[in-house]
Amino acid sequence: MAIEIIGTGRAVPPKKVSNDDLAALIDTSDEWIRSHTGIGNRHIADESVACSDLAVEAAKNALAMAGGYTGNDPDQRDKAAEQAAAAIDVIILATATADFFGTPSTACVVQSKIGALNAMAMDITAGCTGFVYGLETASGLLSVNPLRKRALVIGSEILSKMTNWDDRGTCVLFGDGAGAVIIEKTLDNRESGLLYSLLRADGSGNESLVMRRGGSRNPYKKGEVVDTGICIEMNGQEVYNFAVKAITDTLETLMKTKIEGLGDISIERIARIIPHQANARIVQAAAKRLRIPIEKFYLNIEEYANTSSATIPIALDELNRSGQLNKGDLILTVGFGGGLTYGGNIIII
Ligand code: ACO
């Protein structure tokens, strides 16, 4: 049995906000943001756009590709996506910025909007590691049931609506976006597709990256006047240190993993590493510790900033659609984020 990726897609809001645009609104500068994070821009969704809207667009692009259509005609894309949606058995949507609090899941909203009438649908909360977790969860659900064949895995975020725009320490870091993949179970014994996932958590750090208000721990009270809505609070230094170790440990472990028929995972054998991108300096520090050339890491943080669970599938789709993925390429993903969670996937294209 193999779990192959047969379609990828992404959706990013057209509105691009540069560091200079932010510097006109808050006490920051292009120089500070670039030198501390590597971020140059972020894309911000319009007020009316919610998590499921970006997720649906990314999903349709991935579904259309799975159905054989990669062109730019919106009607043809929708037609191909609609046909492919009927064959989806599982929808997993990773997000920290769901359409609704608690219920319904954003995955169910997406299921309805794309017409995947035969699919189960659920969200997972694993912070920026959400897509890495989602891929393994979907793969497991396909593996255990002979009747399930195809899954749609999405990472989608509207972080701009969960950001405290008065906190310059966090608001410059985030952007909006969504990425999606279609995976298919095949019965051939091929060493390709999703081969292995490492999933880990360190819940002792749960307060270092937290949306404190609105849950059962700290609900809003009737008549309460609030200064900000639900927003991300982060201990930047703590998360930074955790993140460098999480990337280093995950890649070290993945590279030592023995998979029958694959051989050693040497640096030379790896075509690309797709890291979660919260800060380019985190990736650079991990690369240096591991003595892996930075060119192996696919970085697009300059354009999108940190899009949490969407970062890895957006990057995967960019690589795929620009022809930078070749049959047989070995790809490692590595994520880390709220929870605290971390982990990675080994994928052969
Ligand atoms: N513009 C200008 N100055 C700023 C800004 C800003 N946007 N933000 C902070 N500063 C100032 C601070 O006030 C401080 O000034 P002071 O020395 O006068 O007090 C100075 O810059 C240094 O602040 P630090 O917080 O120490 O800056 P640091 O170099 O640690 O960088 C950062 C902060 C970028 C947040 C870093 O800690 C980081 O990347 N942490 C990890 C973030 C991360 O991985 N997040 C994961 C998120 S996952 C998920 O979100 C969903």
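Just so we're clear, the structure is a prediction, and the values are computed from it rather than from any experiment.

Colleague: Please give an account of the overall build of the protein that cites residues and values.
Modeller: For the protein, the helix and strand inventory stands at eleven helices and 13 strands. Relative to the compact-globule value of 20 Å for 349 residues, the protein shows a C-alpha radius of gyration of 19 Å, a close match. Its C-alpha atoms give the protein principal-axis dimensions of about 55 × 45 × 40 Å. Residues counted as buried form 55% of the 349 residues belonging to the protein. Pairs at least 24 apart in sequence give 76% of the contacts found in the protein among residues at least 6 apart. Accessible surface computed for the protein: about 15,400 Å², of which carbon and sulfur atoms make up 50%. A gap of 4 Å separates the mean positions of the 34 positive and 42 negative side-chain charges of the protein.

Colleague: So what about the site of the ligand? Which residues, and what values?
Modeller: Every one of the 24 residues lining the ligand counts as a neighbour, but Thr 28, Cys 128, Arg 168, Gly 236 and Asn 279 are closest to it. In the environment of the ligand, an oxygen atom lies 3.1 Å from a nitrogen or oxygen atom belonging to the side chain of Gln 237. With respect to the ligand, the side chain of Asn 279 contributes an N or O atom lying 2.7 Å from an oxygen atom. Coverage of the ligand by the protein chains reaches 71% of its 1,000 Å² of free accessible surface. Sorting the residues of the shell around the ligand by element identifies α2 (30-37), α7 (168-171), α8 (236-256) and α9 (280-290) as the ones contributing at least two each. Considering each element in turn, the shell around the ligand owes the most residues, four residues, to α8. In the shell around the ligand, the residues fall into twelve nonpolar, nine polar and three charged.

Colleague: Please provide a residue-by-residue account of the pattern of salt bridges, values included.
Modeller: In this structure the tally under the stated criterion is 17 salt bridges. With its nearest N and O atoms 2.6 Å apart, the salt bridge here joins Lys 245 to Asp 249. With Lys 245 and Asp 249 both in helix α8 and four residues apart, the pair spans about one turn of that helix. Asp 249 gets classed as partly exposed once you look at its relative accessible area, which sits at 26%. Taking the shortest distance from any N to any O, the salt bridge between Asp 264 and Lys 258 comes out at 2.8 Å. Side by side, Asp 264 and Lys 258 carry an identical accessibility label, which is exposed. One connected set of salt bridges, linked through shared partners, spans Glu 57, Lys 60, Arg 77 and Asp 78.

Colleague: Talk me through the packing of aromatic side chains; I want residue IDs and the actual numbers.
Modeller: The way to describe two aromatic rings as a pair is by their centre distance and the angle between their planes. Counting across every chain of the model gives one aromatic pair. Ring centres of Phe 242 and Tyr 342 lie 5.8 Å apart, and the angle between their planes is 75 degrees; this geometry places the pair in the edge-to-face category. Of the two residues, Phe 242 sits in helix α8 while Tyr 342 sits in strand β13 (residues 341-348), which places them 100 residues apart along the sequence. As far as burial versus exposure is concerned, Phe 242 and Tyr 342 are alike and both buried.

Colleague: Give a detailed account of unusual backbone geometry, specifying residues and quantitative values.
Modeller: Trans is the prevailing form of peptide bonds, just as negative phi is the prevailing case for residues other than glycine. That bond from Thr 103 to Pro 104 is cis: its omega, 0 degrees, falls within 30 degrees of zero. By secondary structure assignment, the location of Pro 104 is in the loop between β4 (90-94) and α5 (106-114). Not every positive phi belongs to a glycine, and Ala 305 is a case in point at roughly 60 degrees. Assignment of secondary structure puts Ala 305 in the loop between α10 (301-304) and α11 (311-321). With a relative accessible area of 2%, Ala 305 lands in the buried category. The phi angle at Ser 308 is positive, at roughly 50 degrees, despite the residue not being glycine. Relative to the assigned elements, Ser 308 resides in the loop between α10 and α11.

About the thresholds
Residues numbered from 1 in each chain as written. Predicted model: local features only at pLDDT ≥ 70, side-chain atom pairs only at ≥ 80, totals over all residues. Heavy atoms only, no water. Helix = DSSP H or I, 4+ residues; strand = E, 2+ residues; numbered from the N terminus. Rg over C-alpha atoms; globule rule 2.2 N^0.38 Å. Buried < 20%, exposed > 50% of the residue type's maximum accessible area, 1.4 Å probe, protein only. Contact = heavy atoms within 4.5 Å. Areas by Shrake-Rupley, 256 points an atom, 1.4 Å probe, with all protein chains shown as cover. Lys, Arg positive; Asp, Glu negative; His and termini not counted. Charge placed at Lys NZ, Arg CZ, Asp CG, Glu CD. Near = heavy atom within 4 Å. Polar contact = N/O pair within 3.5 Å; in protein donor to acceptor, adjacent residues only side chain to side chain. Nonpolar A, V, L, I, M, F, W, Y, C, P; charged D, E, K, R; others polar. Salt bridge = Lys/Arg side-chain N within 4 Å of Asp/Glu carboxyl O. Phe/Tyr/Trp six-rings, centres within 6.5 Å; stacked < 30°, edge-to-face > 60°.

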